[in-house]
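What the coordinates show
The chain contents come next:
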Amino acid sequence: TVFFQGHMEGEVWGLATHPHLPICATVSDDKTLRIWDLSPSHCMLAVRKLKKGGRCCCFSPDGKALAVGLNDGSFLIVNADTLEDLVSFQHRKDVISEIRFSPGAGKYLAVASCDNFVDIYNVMSSKRVGICKGASSYITHMDWDIRGKLLQVNTGAKEQLFFEAPRGKKQTIPSLEVEKIGWASWTSVLGSCCEGIWPIIGEVTDVTASCLTSDSKVLATGDDFGFVKLFRYPAKGKFGKFKRYVAHSTHVTNVRWMYDDSLLVTVGGADTSLMLWTYEMEGHRDSRQCDSEESDLDSEEDGGYDSDVTRENEINYTIKALSTNIRPMFGIKPHLQQKEPTLDER
């Protein structure tokens, strides 16, 4: 009898939800690609061993193909049903950090790596047709516009860059114009539309992932502190209001909404776990107990959204971490102990 199934060694970063079905794919440092059922059965449907560990994956728009980026700079496209290889490439030597099919027919595949480049491939001809250059650090997030003509890229240096597709020519787009562009997805953590997701004190990589609902109203984020947060979109201005939920025992590496936004799927890095969160619209929530630390009510007593923001701003994570004892301490500290007199002192 199988009680548990899942990833084992290393961390889990790669997560992709199917465009039409209640299933998702995960890929991990343990050199496995796994398909999961998001329906009430919550079981693993398939697993496939890989030559190297992986950090990203993505379904094609029709759901028939699945692209997987590996840690040796290569990537492969597999049949989403059988997980058998369709094609593979390797033009880079560093980790493939993000991978994305273009919308519509999925003609192009953008492949981002930790060596600061994004390669664009024509899936039909199996050829590399463009290279996006100009990033000063590794690529963290990537999104296509709805026409499949523009790429939005985030980097580890907190850069928000834009490239014409498929050639990869760098574009300069004012922030006000970015808001007017229709995006096929939004996983960016940078820009005026999501300025409010960043805490007061934090590093560039503290917010590890984001994902916007299909109606562009709610932005979910995961961070290095193990929190899953929900923001109203756009989250303009600093320190936006949010709802905060806790389940992962370590940093949240990725978040994705299911195709109909009824579930939020999150993965934890070192805890190698896959969590499912039911999303209920305001005014349609069931009154039941929740294990997570959340503020579901905007009451004066609880403080609602503002209470979460205030608590977050008051936490000093560094001091908190250093002041916590690793294990209980017993006895008397050495400098407080009574010393026996020496022979000369007697």
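About the criteria used
- Residues numbered from 1 in each chain as written.
- Predicted model: local features only at pLDDT ≥ 70, side-chain atom pairs only at ≥ 80, totals over all residues.
- Heavy atoms only, no water.
- Buried < 20%, exposed > 50% of the residue type's maximum accessible area, 1.4 Å probe, protein only.
- Helix = DSSP H or I, 4+ residues; strand = E, 2+ residues; numbered from the N terminus.
- Pairing = 2+ DSSP bridges.
- UniProt positions renumbered as here; feature names shortened; annotations may be inferred.
- Axes fitted to C-alpha atoms, helices over the stretch in contact; angles between N-to-C directions.
- Core = buried A, V, L, I, M, F, W, Y, C linked by side-chain atoms within 4.5 Å.
- Contact = heavy atoms within 4.5 Å.
- pLDDT = per-residue confidence, 0-100.
- Phe/Tyr/Trp six-rings, centres within 6.5 Å; stacked < 30°, edge-to-face > 60°.

Comments concerning the pairing of strand E21 (residues 252–257)
Within E21, six of the six residues are buried, which leaves the element mostly enclosed by the surrounding structure. The pairing of E21 with strand E22 (residues 263–268) spans five bridges and is classified as antiparallel. Each bridged residue has a counterpart across the sheet, and for asparagine 254 the counterpart in E22 is valine 267. Connecting the antiparallel pair E21 and E22 is a turn made up of five residues, with aspartate 261 showing a positive phi of about 65 degrees.

Side note on the UniProt feature "repeat: WD" (unreviewed entry) in the protein chain
According to UniProt, the feature "repeat: WD" (unreviewed entry) maps to residues 245–277 in the numbering used here. Taken end to end, residues 245–277 is 0% helix and 55% strand, and its first and last C-alpha atoms sit 10 Å apart.

Some details on the pairing of strand E9 (residues 96–101)
Among the six residues that make up E9, six are buried, leaving the element largely enclosed by the rest of the structure. Note: E9 against strand E10 (residues 108–113), five bridges, orientation antiparallel. When the bridges of E10 are listed, isoleucine 96 appears paired with serine 113. Linking E9 to E10, which pair antiparallel, is a turn of six residues; within it glycine 104 sits at a positive phi near 80 degrees.

Some remarks on unusual backbone geometry
Apart from glycine, the bulk of residues carry a negative phi angle, and the bulk of peptide bonds sit in the trans form. With an omega dihedral of 10 degrees, the bond running from alanine 165 to proline 166 counts as a cis peptide bond. You will see that histidine 42, though not glycine, has its phi angle at about 50 degrees, which is positive. Take histidine 42: it is sitting in the loop between strand E3 (32–37) and strand E4 (44–49). With a phi angle near 50 degrees, threonine 272 is a residue other than glycine that sits in the positive phi range. Structurally, threonine 272 can be placed in the loop between E22 and strand E23 (274–278). Of the residues examined, threonine 272 reaches a relative accessible area of 19% and is grouped as buried.

Comments concerning the sheet that holds strand E2 (residues 23–28)
On the basis of which strands lie adjacent, the open sheet formed by four strands has the order E1-E2-E3-E4 and antiparallel pairing. At either margin of the open sheet sits one strand with a lone partner, and together these are strand E1 (12–17) and E4. Direction aside, neighbouring strands of the sheet carry axes that sit 15 degrees apart on average.

Comments concerning the nonpolar core
The biggest cluster of nonpolar side chains holds 18 residues, and the ones touching the most others in it are Trp186, Ile197 and Leu219. When residues no more than four places from it in sequence are discounted, the contact partners of tryptophan 186 are Asp143, Gln152, Gln160, Val178, Cys193, Cys194, Ser210, Cys211, Leu212, Leu219 and Tyr233. Membership of the second largest hydrophobic core comes to 16 residues, among which are Val27, Leu70, Val78 and Ala80.

Structural notes on the sheet that holds E23
The three strands are arranged E21-E22-E23 in an open sheet whose pairing can be described as antiparallel. Each having just a single partner strand, E21 and E23 make up the two edges of the open sheet. Each strand of the sheet is rotated relative to its neighbour by a mean of 20 degrees, with strand direction disregarded.

Side note on the confidence of the model for the protein chain
Taken residue by residue, the protein chain gives an average pLDDT of 86. The fraction at 70 or more is 79%. Ignoring residues within four places in sequence, the model shows residues 291–307, a span with pLDDT below 50, making 32 contacts including any to other chains. Counting interchain partners and residues more than four positions distant, the pLDDT-below-50 stretch residues 317–326 has three contacts.

Remarks on the packing of aromatic side chains
According to the stated counting rule, one finds nine aromatic pairs in the structure shown. Ring geometry for phenylalanine 89 versus tyrosine 121: centroids 5.0 Å apart, planes at 40 degrees, classification tilted. Of the two residues, phenylalanine 89 sits in strand E8 (residues 85–90) while tyrosine 121 sits in strand E11 (residues 118–122), which places them 32 residues apart along the sequence. For phenylalanine 89, a relative accessible area of 17% gives the class buried.

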